[in-house]
Amino acid sequence: MTEFSKECMLEAIRFSKQNVDDGSGGPFGAVIAKDGKIISGASNKVTSTNDPTAHAEMEAIRSACKILNTFSLAGCEIYTSCEPCPMCLSAIHWARIEKIYYANTRKDAADINFDDDFIYNEVSKSVDDRVIPMVQIMNREAKKVFIDWKEKEDKIHY
């Protein structure tokens, strides 16, 4: 572990602790760094914003993208006070973040009644075996839009 990695993780943990102390959301914090510099940091804001997607990682990603004026965080690393949930892990992949450092595990989160482990298990099931029913409808109509996208010459790939 480098001094910079330690500094970044301590900052993510500080965000999580401040959130607990302030009552602003869950005990989660995240920091995004690039080229030896912290770009953004955030804490969980689910309950204070009534936004179930306002996890610390999501907030840090949104902030870093605004600061860097890009949708790609290639070359960045994320430091999280807890192993990212499936939503955040997906966003990290979509953002092209290159490395994840985490402190607590999803099992640690489950021990304090967070759903991460349940959701990890749920997404690994077949569509037919999931708790929330999934029903595919109007595929042919929606597929036409995908074909339009595929054929569009001036699209921005992401």
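Attention in this report is confined to the structure presented alongside it. (Residues numbered from 1 in each chain as written. Predicted model: local features only at pLDDT ≥ 70, side-chain atom pairs only at ≥ 80, totals over all residues. Heavy atoms only, no water.)

Digging into the overall build of the protein chain
- What the protein chain contains, in helices and strands, is seven helices and four strands.
- Ordered by position from the N terminus, the helices and strands of the protein chain form the series α-β-β-α-α-β-α-β-α-α-α.
- Along the first, second and third principal axes, the C-alpha atoms of the protein chain reach 50 × 40 × 30 Å.
- Across the protein chain, every contact between residues at least 6 apart in sequence was considered, and the portion connecting residues at least 24 apart equals 49%.
- Counting only carbon and sulfur atoms, one obtains 55% of the accessible surface of the protein chain, whose full area is about 10,500 Å².
- Averaging the positions of the 20 positive and the 25 negative side-chain charges in the protein chain gives two centres separated by 5 Å. (Helix = DSSP H or I, 4+ residues; strand = E, 2+ residues; numbered from the N terminus. Contact = heavy atoms within 4.5 Å. Areas by Shrake-Rupley, 256 points an atom, 1.4 Å probe, with all protein chains shown as cover. Lys, Arg positive; Asp, Glu negative; His and termini not counted. Charge placed at Lys NZ, Arg CZ, Asp CG, Glu CD.)

Remarks on the sheet that holds strand E4 (residues 99-104)
- Read from one edge of the open sheet, four strands run E2-E1-E3-E4, paired in mixed fashion. Two strands in the sheet have a free side with no partner beyond their single neighbour: strand E2 (37-43) and E4. Averaged over all pairs of adjacent strands, the angle between their axes in this sheet comes to 15 degrees, without regard to strand direction.
- Both strand E1 (residues 29-34) and E2 contribute to a ladder of six bridges, which runs antiparallel. Paired with Val31 across the strands is Gly41, a residue of E2. (Pairing = 2+ DSSP bridges. Axes fitted to C-alpha atoms, helices over the stretch in contact; angles between N-to-C directions.)

Description of the pattern of salt bridges
- Across all of its chains, the model carries eight salt bridges by this definition.
- The salt bridge involving Asp21 is made with Lys17; its shortest N-O contact spans 2.9 Å. Remark: Lys17 and Asp21 occur in helix H1 (residues 3-22); sequence separation between them is four residues, near one turn of the helix. (Salt bridge = Lys/Arg side-chain N within 4 Å of Asp/Glu carboxyl O.)

Quick notes on a nonpolar patch on the surface
- Taken together, Phe71, Trp94, Trp149, Ile156 and Tyr158 make up a surface patch of nonpolar side chains, about 680 Å² in accessible area.
- One can find Ile156 in the segment after helix H7 (139-151).
- In this structure Ile156 comes out as exposed when scored by relative accessible area, which is 61%. (Patch = residues over 30% accessible without salt bridge, like charges linked within 9 Å, V, L, I, M, F, W, Y side chains within 5 Å. Buried < 20%, exposed > 50% of the residue type's maximum accessible area, 1.4 Å probe, protein only.)

Brief notes about unusual backbone geometry
- The phi torsion at Asn50 lies on the positive side, around 55 degrees, for a residue other than glycine.
- You can see Asn50 is positioned in the loop between helix H2 (46-49) and helix H3 (56-68).
- In the Ramachandran plot, Asn69 falls in the positive-phi region, its phi being about 55 degrees despite a non-glycine side chain.
- Along the chain, Asn69 turns up in the loop between H3 and strand E3 (76-82).
- Look at Asn69 and you get exposed, because its relative accessible area is 69%.

Brief notes about H1
- In a regular helix each residue adds 1.5 Å, so 20 residues correspond to 28 Å; H1 covers 28 Å between its end C-alpha atoms and thus fits that length.
- In this structure, the buried side of H1 is in contact with E1, E2, E3 and E4. (Expected span 1.5 Å × (residues − 1).)

With respect to the packing of aromatic side chains
- The tally for this structure, following the rule as stated, stands at four aromatic pairs.
- Between the aromatic rings of Tyr79 and Tyr101, the centroid separation amounts to 4.4 Å while the plane-to-plane angle is 0 degrees, which identifies the pairing as stacked. Here Tyr79, found in strand E3, pairs with Tyr101, found in strand E4; they are 22 residues apart in sequence, far enough to count as distant.
- On the accessibility criterion, Tyr79 (1% relative accessible area) is buried.
- Judged by its relative accessible area of 24%, Tyr101 is partly exposed.
- Taking the centre distance of 6.3 Å and the plane angle of 45 degrees together, the rings of Trp94 and Tyr158 count as tilted. Residue Trp94 is located in helix H4 (residues 86-95), and its partner Tyr158 is located in the segment after H7; the two are separated by 64 residues in the primary sequence. Grouping residues by exposure puts Trp94 and Tyr158 together as exposed. (Phe/Tyr/Trp six-rings, centres within 6.5 Å; stacked < 30°, edge-to-face > 60°.)

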